[in-house]
Amino acid sequence: MPENDEVIILVDKHNTIIGDVPRRLMNFGRDHHRVTYILVFDIKGNLLIQKRTDDKAFCPGYYGITTGGVVERGETYIDSAHRELQEELGFDAPLESQGVFLTEGEGFKIWGKIYTCYYDPAIQGELTLQPKEVASIHEMSIESILENAHDLAFTPDSLDALRHYTNKLTQPQPNDPL
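None of these values were measured; they are calculated from a predicted model.

**Overview of the environment of Cys117**
Stage number 1. Checked against the element boundaries, Cys117 lands in strand 7 (residues 108-118).
Stage number 2. Note on Cys117: relative accessible area 1%, which makes it buried.
Stage number 3. Considering only alpha carbons, one finds Cys117 and Arg83, 34 residues apart in sequence, at a separation of 14 Å.

**Some words on the packing of aromatic side chains**
Where two aromatic rings form a pair, the distance of their centres and the angle of their planes describe that pair.
Stage number 1. By the definition in use, this model includes six aromatic pairs.
Stage number 2. Taking the centre distance of 6.2 Å and the plane angle of 50° together, the rings of Phe41 and Tyr165 count as tilted. In this pair, Phe41 is assigned in strand 3 (residues 32-41) and Tyr165 in helix 4 (residues 156-166), connecting sequence segments 124 residues apart.
Stage number 3. Accessibility expressed as a relative area gives 6% for Phe41, which makes it buried.
Stage number 4. Judged by centre distance (4.9 Å) and plane angle (45°), the rings of Phe91 and Tyr119 are tilted. Pair noted here: Phe91 is in the loop between helix 1 (77-89) and strand 6 (96-105) and Tyr119 is in the loop between strand 7 and helix 2 (121-124), with a separation of 28 residues, a long-range link.
Stage number 5. By relative accessible area, Phe91 is classed as buried at 4%.

**Some details on the environment of Pro131**
Stage number 1. Tracing the chain through its elements places Pro131 in the loop between helix 2 and strand 8 (134-140).
Stage number 2. When its relative accessible area of 70% is taken as the criterion, Pro131 is described as exposed.

**Remarks on unusual backbone geometry**
Stage number 1. A positive phi is found at Cys59, a non-glycine position, where the angle reads about 55°.
Stage number 2. With respect to the secondary-structure elements, Cys59 resides in the loop between strand 4 (47-52) and strand 5 (63-64).
Stage number 3. Look at Cys59 and you get buried, because its relative accessible area is 12%.
Stage number 4. You will see that Asn148, though not glycine, has its phi angle at about 50°, which is positive.
Stage number 5. Counting through the fold element by element, Asn148 comes out in the loop between helix 3 (142-147) and helix 4.

**Focus: helix 4**
Side chains that are three or four residues apart share a direction in an α-helix, a result of its 3.6 residues per turn.
Stage number 1. Regarding helix 4, the residues found buried are Asp157, Ser158, Leu159, Ala161, Leu162 and His164.
Stage number 2. Just past helix 4, the residue Lys168 takes up positive phi, approximately 50°.

**A look at the side chain of Ser97**
Stage number 1. In this structure, Ser97 sits in strand 6.
Stage number 2. Only 3.3 Å separates the side chain of Ser97 from the backbone nitrogen of Gly99, close enough to count as a polar contact.
Stage number 3. Those residues in contact with Ser97 that sit more than four places away from it in its chain are Lys113, Ile114, Tyr115, Pro172 and Asp176.

Here is what the cut-offs are and how they apply
Residues numbered from 1 in each chain as written. Predicted model: local features only at pLDDT ≥ 70, side-chain atom pairs only at ≥ 80, totals over all residues. Heavy atoms only, no water. Helix = DSSP H or I, 4+ residues; strand = E, 2+ residues; numbered from the N terminus. Buried < 20%, exposed > 50% of the residue type's maximum accessible area, 1.4 Å probe, protein only. Phe/Tyr/Trp six-rings, centres within 6.5 Å; stacked < 30°, edge-to-face > 60°. Polar contact = N/O pair within 3.5 Å; in protein donor to acceptor, adjacent residues only side chain to side chain. Contact = heavy atoms within 4.5 Å.

These figures come from the coordinates and say nothing about function on their own.
Shown next as structure tokens:
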């Protein structure tokens, strides 16, 4: 296995860990796995959304409403969320859990955990984007994302995470996996 090949945690339909698999062998349309979704709010209350690079395997060139990614072997959700925030945007911040949800669609079966955080350049400094994953950052209100008047292509799983958050379909629970 190549040194840089991520090893992804596999879970069952109840979000119980059942093993792991190298990313290159993962069947994303069949295997359930864990993903973190971080809604990054700016000081004006808007979300920072990411335009994905055109060479991403999943939804190239789409807009990701959240920062985040797959939970790797040996990580908890919160560990993954902090790692992804630092990798993709170049800063870290306190994260508040918004709960766990199941999302499924063409090419994905995900047990996601939603977090929120706030970005203030005066505190965290300028963003440092991960060039292989993030083409650009855009500031948008939740309302404009949900209305989508400009027919932007949003990643379906991050849009589902936002809908769960805005409709209060998920709340943190004491028995949520870490």
